[in-house]
Amino acid sequence: MTDNTTTNAPAQPARESFPIERLLFSIGFAVVAWFVFWVAILLAVLQFVATAIAGHVNDELKGVSRSVIAYLAQLVSYVSFVSDERPFPLGSFPKA
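Residues numbered from 1 in each chain as written. Predicted model: local features only at pLDDT ≥ 70, side-chain atom pairs only at ≥ 80, totals over all residues. Heavy atoms only, no water.

(A) Looking closely at unusual backbone geometry. Residue Pro89 is bonded to the preceding Phe88 through a cis peptide linkage, with omega at 15°. Here Pro89 shows up in the segment after helix H2 (59-79). (Helix = DSSP H or I, 4+ residues; strand = E, 2+ residues; numbered from the N terminus.)

(B) The pattern of salt bridges, seen in detail. As enumerated under the stated definition, the model contains 2 salt bridges in all. Across the pair Arg86 and Glu21 runs a salt bridge, and its minimum N-O distance is 2.7 Å. Here Glu21 lies in helix H1 (residues 20-54) and Arg86 lies in the segment after H2, a separation of 65 residues in the sequence. Residues Asp84 and Arg22 are paired through a salt bridge, measuring 2.7 Å at the closest nitrogen-oxygen approach. Within this pair, whereas Asp84 is found in the segment after H2, its partner Arg22 is found in helix H1, the two being separated by 62 residues in sequence. (Salt bridge = Lys/Arg side-chain N within 4 Å of Asp/Glu carboxyl O.)

(C) Looking closely at the nonpolar core. One finds Phe29, Ala33, Val36, Ala40, Leu43, Leu61, Val68, Tyr71, Leu72, Leu75 and Tyr78 forming the largest nonpolar core, which totals 11 residues. Put simply, the parts of the chain that give this core at least two residues each are H1 and H2. Among residues more than four places away in sequence, those in contact with Val36 are Val68, Tyr71, Leu72 and Leu75. (Core = buried A, V, L, I, M, F, W, Y, C linked by side-chain atoms within 4.5 Å. Buried < 20%, exposed > 50% of the residue type's maximum accessible area, 1.4 Å probe, protein only. Contact = heavy atoms within 4.5 Å.)

(D) Structural detail: the side chain of Arg22. Owing to a relative accessible area of 11%, Arg22 belongs among the buried residues under this scheme. Among the polar contacts listed, one links the side chain of Arg22 to the side chain of Asp84, at a separation of 2.7 Å. Once you skip the residues sitting within four places of it in the chain, Arg22 turns out to touch Ser77, Tyr78, Phe81, Ser83 and Asp84. (Polar contact = N/O pair within 3.5 Å; in protein donor to acceptor, adjacent residues only side chain to side chain.)

(E) Spotlight on the side chain of Ser26. Relative to the assigned elements, Ser26 resides in helix H1. When its relative accessible area of 9% is taken as the criterion, Ser26 is described as buried. Contact partners of Ser26, with chain neighbours within four places excluded, come to Tyr78 and Val79.

(F) Fine view of H2. For H2, built from 21 residues, the straight-helix expectation of 30 Å at 1.5 Å per residue is met to within 8% by its first-to-last C-alpha distance of 30 Å. Residues Leu61, Ser65, Val68, Tyr71, Leu72, Gln74, Leu75 and Tyr78 constitute the buried set of H2. Buried residues along H2 sit in contact with H1. Backbone geometry just downstream of H2 places Phe81 in the positive-phi region, at approximately 65°. (Expected span 1.5 Å × (residues − 1).)

(G) Examining the environment of Gln47 more closely. Summarising the element assignment, Gln47 is placed in helix H1. Remark: the alpha-carbon pair of Gln47 and Asp59, spanning 12 residues in sequence, is separated by 9.5 Å. Setting aside its immediate chain neighbours within four residues, Gln47 contacts Val57, Asn58, Leu61 and Lys62.

(H) How the structure looks around the packing of aromatic side chains. Applying the stated criterion across every chain yields a total of 6 aromatic pairs. Pairing Phe37 with Trp38 gives two aromatic rings, centres 5.1 Å apart and planes at 80°, and the pair type is edge-to-face. Residue class for Phe37 comes out partly exposed when judged on its relative accessible area of 35%. You can call Trp38 partly exposed: its relative accessible area is 44%. Members of the aromatic cluster, joined through ring pairs, are Trp34, Phe35, Phe37 and Trp38. A cation over an aromatic ring shows up here: Arg22 above the ring of Tyr78, its NZ or CZ 4.1 Å from the ring centre. (Phe/Tyr/Trp six-rings, centres within 6.5 Å; stacked < 30°, edge-to-face > 60°. Lys NZ or Arg CZ within 6 Å of the ring centre and 35° of its normal.)

Right, dumping it as structure tokens:
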């Protein structure tokens, strides 16, 4: 009788190491996203004030708001692992 102690179990794929660098960047970018969110809210309030005074939407303020929203989306995409591209200032600023 032979002693067959090895099994023919399929090899498990190597486990990836924990992305500590990404965690640290994500924490920093999450803090930046929190501030950018409040900038977007402030821009919305300014747009309401400008609309009340001028009677129409301010296109320049609208363009700035669009850029801020795109940047916020870039930040949240990185933090939530939707994108691997690092946001500004480590990457490019998003085009609105």
